[in-house]
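Chains, contacts and geometry: an overview
Spelled out from the first residue to the last, the chains are:
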Amino acid sequence: MLHARFTAHPAFSVGPVPPRLFGSFVEHMGRCVYTGIYEPGHITADDDGFRQDVMELVRELGVTTIRYPGGNFVSGYRWEDGVGPADQRPKRLDLAWHTTETNQFGLNEFMRWAEQAGVEPMMAVNLGTRGVREALDLLEYTNHPGGSALSDQRIADGVSEPHNVRMWCLGNEMDGPWQTGHKTAAEYGRLAAETAKAMRQYDPTLELVACGSSNMDMPTFGAWESEVLEEAWDAIDFVSLHAYYEPIDGDIDSFLASAVGMDRFIEAVIATADSVAARRHSPKRLGLSFDEWNVWYAREFQAEGTGPEWSQAPRLIEDEYTVTDAVVVGSLLISLLRHSDRVTSASLAQLVNVIAPIRSEPDGPAWRQTIFHPFAQTAARAKGRVLRTTQTAPTLPTARYGDAPVVATVLTHDEQTGSLVLFAINRARSDSVALVGDVATFGTLTVGTSLVVTDADPLATNTADHQDRVTPVPLDKVELLDGELHLQLPPLSWVTVTLERT
Ligand code: AHR
């Protein structure tokens with residue numbers, strides 16, 4: 001048995017839990033849209049073709065924002081193809097994923113779906129093969145009430161009210177050589193600045209996200225951010241971060257410590273953004289939008305390729321997640337919460353089928369993957385303020401990140417109700433951890449619900465036939481003794497405990 005401790009105090013907080021931290025991502029990729037959220041003819045589909053079995057799971061997941069329509073897809077996308085009468089929409093070749101896009105689902109369908117799901121849409125504009133003009137056209141079509149050519153076109157398309165999208169991504173992964181229309185930092189910085197400036201000429205209150213690096217291992221990481229932010233500083237509100245984690249060469253301990261990598265990535269981008277602020281004598285503190293993050297067994301995808309060339313909605317990167325992956329996703333959520341003073345927007349990539357918490361089969365069922373559970377429980381329970389805690393724990397030696405703490409913890413405190421919620425993970429694969437938390441300064445508390453996600457088999461998954469093999473179950477023997485919380489984290493587990501104020 002290993003031992004770890006944390007101390008929390010109501011006066012020490014990171015800040016309020018940002019609602020946009022629990023976002024996700026819908027890209028026209030694989031089966032995320034087609035046979036994912038949209039499948040006319042499915043037994044649960046409504047009149048718009050939206051699968052209601054998937055819709056129920058999206059609501060249960062508790063996602064707050066959805067980034068759309070890509071992803072690498074957006075860099076070749078013509079938004080006009082996806083509006084107007086569906087039978088007149090063109091089929092296009094999507095160069096990002098070598099598929100055929102039918103455009104049967106487009107902007108207005110997405111907005112209707114988002115409204116039904118109760119999520120805030122976050123749009124990406126194409127700055128790969130397009131530029132300022134097309135971004136402005138999309139903005140006018142989307143947000144202008146009426147009385148101009150494009151807003152009247154939207155009204156003629158049957159949508160009388162503007163969509164009023166607040167948050168816009170200025171392209172996607174423009175640092176990546178794989179991106180259609182890839183740019184240097186200087187080229188992208190200018191384009192992002194001019195696009196943002198023009199969009200603000202229409203509406204200065206928009207929230208605009210410039211592309212940061214596609215991941216921390218990019219050779220241009222750091223230099224890219226510095227140059228882009230120097231160029232676009234006054235016109236943008238956020239810089240993006242993307243990261244996918246996987247076991248490399250079977251190194252599970254490093255994989256379990258992925259959140260240490262996420263911490264370092266976030267802290268390096270904050271340092272870079274703040275150094276640009278310092279050079280410019282600017283009091284501005286740029287937001288971070290971690291708008292793609294997840295576990296992705298990317299090497300398998302690279303080995304297999306994209307599948308049948310130019311097919312419609314093929315099966316792409318439908319990773320089947322294990323309980324180990326769920327623990328990693330839980331730890332990444334802890335990292336995001338711990339940095340939520342600066343990371344105020346994040347998107348689990350993606351939502352359905354494509355490296356997703358929700359799986360669906362054409363004409364078949366929809367179910368929760370293992371990673372669904374830590375996300376849904378965190379989104380539902382993290383209320384009020386994130387607390388700044390101190391922690392002591394044994395370490396796990398890892399090849400990639402050095403010594404990583406065996407335990408990661410974060411707490412949120414709802415000042416209205418007085419309740420306190422703990423989220424914790426145990427990275428040790430064969431040891432339980434006795435965790436003790438000093439919560440004496442929060443007054444008299446009682447233990448509410450305690451849940452654990454764990455399994456004797458670290459590779460356990462949920463499948464169409466065994467949809468609930470991995471699911472949260474009550475955690476026993478959680479006690480409060482003299483202002484101290486006592487619990488045991490089983491090996492390789494994600495845990496949450498609610499403490500209610502009495
Ligand atoms: O989410 C899958 C892909 O990963 C996205 O299209 C791209 O932005 C990233 O490289």
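An account of the accompanying structure is given in this report. Just so you know, these numbers come straight off a predicted model, no measurement behind them.

Thoughts on the sheet that holds strand β4 (residues 65-68)
Sheets are built from strands that pair by backbone hydrogen bonding, the pairs being arranged parallel or antiparallel. What the eight strands build is a closed barrel, ordered β3-β4-β7-β8-β9-β10-β11-β12; its pairing is parallel. Pairs of neighbouring strands in the sheet enclose a mean axial angle of 30°, with direction left out of account. Looking at chain direction, β4 and strand β7 (residues 120-125) are connected through four bridges and run parallel. Across the sheet, residue T65 finds its bridge partner in β7, namely E120. Contacts from helix α5 (residues 185-202) reach β7, β8 (167-170) and β9 (207-210) within the one sheet, and its direction differs from that of β8 by about 155°.

Structural notes on the layout of surface pockets
A volume near 1000 Å³ is recorded for the largest pocket. Taken together, 42 residues make up the lining of the largest pocket; nearest its centre are S214, N215, Y244, W296 and A298. For the lining of the largest pocket, the secondary-structure elements that each account for two or more residues are β10 (238-245), α7 (252-256), α8 (258-279) and α9 (298-304). Looking at the lining of the largest pocket residue by residue, the class counts come to 20 nonpolar, 13 polar and nine charged.

Some details on the pattern of salt bridges
Taken as a whole and judged by the stated rule, the model has 34 salt bridges. Residue R31 pairs with E318 through a salt bridge whose shortest N-O separation is 2.8 Å. Taken as a pair, R31 in the loop between β3 (23-25) and α1 (52-61) and E318 in the loop between α9 and α10 (323-338) lie far apart in primary sequence, 287 residues in all. Per residue, the accessibility class of R31 equals that of E318, and both read buried. R200 is the salt-bridge partner of D237, the closest N and O atoms lying 2.7 Å from each other. Here D237 is found in the loop between α6 (223-232) and β10, whereas its partner R200 is found in helix α5, with 37 residues between them in sequence. Using a relative accessible area of 28% as the deciding quantity, one classes D237 as partly exposed.

A closer look at the site of the ligand
The environment of the ligand is made up of F25, E27, G71, N72, W97, N172, E173, Y244, E292, W296, Q350 and I355. The contact in question runs from an oxygen atom of the ligand to an N or O atom on the backbone of N72, over 2.9 Å. At 2.7 Å, a side-chain N or O of E292 approaches an oxygen atom of the ligand. Structurally, the ligand is housed in the largest pocket. Considered class by class, the residues forming the shell around the ligand number five nonpolar, four polar and three charged.

Looking at the environment of W79
Following the sequence through the fold, W79 ends up in the loop between β4 and β5 (92-94). By relative accessible area, which is 6% here, W79 ends up buried. In contact with W79, other than residues within four places in its own chain, are R130, E134, D137, L138, Y141 and L150.

What counts, and where the lines are drawn
- Residues numbered from 1 in each chain as written.
- Predicted model: local features only at pLDDT ≥ 70, side-chain atom pairs only at ≥ 80, totals over all residues.
- Heavy atoms only, no water.
- Pairing = 2+ DSSP bridges.
- Helix = DSSP H or I, 4+ residues; strand = E, 2+ residues; numbered from the N terminus.
- Axes fitted to C-alpha atoms, helices over the stretch in contact; angles between N-to-C directions.
- Contact = heavy atoms within 4.5 Å.
- 1 Å grid on protein atoms, 1.4 Å probe; cavity = no way out; pocket = protein on both sides within 12 Å on 5 of 7 lines; lining within 4 Å.
- Points joined across faces, edges and corners; volume = space filled by probe spheres on them.
- Nonpolar A, V, L, I, M, F, W, Y, C, P; charged D, E, K, R; others polar.
- Salt bridge = Lys/Arg side-chain N within 4 Å of Asp/Glu carboxyl O.
- Buried < 20%, exposed > 50% of the residue type's maximum accessible area, 1.4 Å probe, protein only.
- Near = heavy atom within 4 Å.
- Polar contact = N/O pair within 3.5 Å; in protein donor to acceptor, adjacent residues only side chain to side chain.
- Sits in = over half its atoms within 2 Å of the grid points.

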